[in-house]
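Here is how the chains run, residue by residue.
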Amino acid sequence: MTDPTEHVNASLHEARTAITKLVDLYFDNVPVDELEREQIVETVHEGLSDELDRLYRIDAAVEAVRALHGNDGGVCVTCADEDGQAASYPCPTVRALPTA
Ligand SMILES: [Zn+2]
């Protein structure tokens, strides 16, 4: 089973890269005197909407993982240590999640 935090971190990196690319592509390729407000607004709005959707999905996934690895009196309700006993909280999965 893959580590869910790898997917979250990869998705965050993709969102960050996409937003940077969006801004760089637009402002590097359009001379300042040709910038048109309407086109800037449309381009940035479309690009950011897609990336915000991605970030909302990531946030929901992180919360689902947190809920799955809840704290029950100092131990994780999902994880077990090598000895088969409940892992202490926060478990390695929760510690690996990005913090807000
Ligand atoms: Zn856990």
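Please read these numbers as outputs of a predicted model, since none were measured by experiment.

### Thoughts on the overall build of the protein
Then step 1. Scanning the protein for helices and strands turns up three helices and three strands.
Then step 2. Across the protein, helices and strands are ordered from the amino to the carboxyl terminus as α-α-β-β-β-α.
Then step 3. Computed over the C-alpha atoms, the radius of gyration of the protein is 20 Å, more than 25% above the 13 Å expected from 2.2 N^0.38 for a compact globule of 100 residues.
Then step 4. In terms of principal-axis extent, the alpha carbons of the protein reach across some 65 × 20 × 20 Å.
Then step 5. Considering only intrachain contacts with a sequence separation of at least 6, the fraction spanning at least 24 residues in the protein is 54%.

### Describing the sheet that holds strand β1 (residues 71–72)
Hydrogen bonding along the main chain pairs the strands of a sheet, whether they run parallel or antiparallel.
Then step 1. With respect to topology, three strands assemble into an open sheet ordered β1-β2-β3, the strand pairing being antiparallel. Each of the sheet's edge strands pairs with one partner strand only, and the pair in question is β1 and β3 (86–88).

### Let's talk about unusual backbone geometry
Then step 1. Omega for the bond connecting Tyr 89 with Pro 90 falls within 30 degrees of zero, at 0°, which places this linkage in the cis form.
Then step 2. By the secondary structure assignment, Pro 90 is in the loop between β3 and α3 (92–96).

### Quick notes on the domain arrangement of the protein
Then step 1. Under the domain assignment used here, the protein contains domain 1 (1–68) and domain 2 (71–100).
Then step 2. A separation of 30 Å is found between the C-alpha centroids of domain 1 and domain 2.
Then step 3. Opposite the eight residues of domain 1 that make contact, domain 2 presents six residues.
Then step 4. Elements that contribute at least two residues to the side of domain 1 that touches domain 2 include exactly α1 (4–29) and α2 (37–68).
Then step 5. Its residues placed into classes, the side of domain 1 that touches domain 2 shows five nonpolar, two polar and one charged.

### What to know about the pairing of strand β2 (residues 75–80)
Then step 1. Judged from the two bridges that link them, β1 and β2 form a sheet pairing that is antiparallel. Paired with Asp 72 across the strands is Val 75, a residue of β2.
Then step 2. Hairpin connection, β1 to β2: the antiparallel pair is bridged by two residues, and Gly 73 has positive phi, about 60°.
Then step 3. Counting the residues in the hairpin turn of β2 and β3 gives five residues, including Gly 84, whose phi is positive at 90°.

### Here's the deal with the environment of Val 94
Then step 1. Locating Val 94 in the fold gives a position in helix α3.
Then step 2. By the C-beta count within 10 Å, which is 19 here, Val 94 ends up partly exposed.
Then step 3. The sequence separation of Val 94 and Ala 60 amounts to 34 residues, and the corresponding C-alpha distance is 15 Å.
Then step 4. If we skip the residues at most four places from it in the chain, Val 94 touches Arg 66 and His 69.

What counts, and at which threshold
- Residues numbered from 1 in each chain as written.
- Predicted model: local features only at pLDDT ≥ 70, side-chain atom pairs only at ≥ 80, totals over all residues.
- Helix = DSSP H or I, 4+ residues; strand = E, 2+ residues; numbered from the N terminus.
- Rg over C-alpha atoms; globule rule 2.2 N^0.38 Å.
- Contact = placed C-beta atoms within 7 Å.
- Pairing = 2+ DSSP bridges.
- Domains from an automatic or database assignment.
- Nonpolar A, V, L, I, M, F, W, Y, C, P; charged D, E, K, R; others polar.
- Buried ≥ 20, exposed ≤ 12 C-beta atoms within 10 Å, placed from the backbone.

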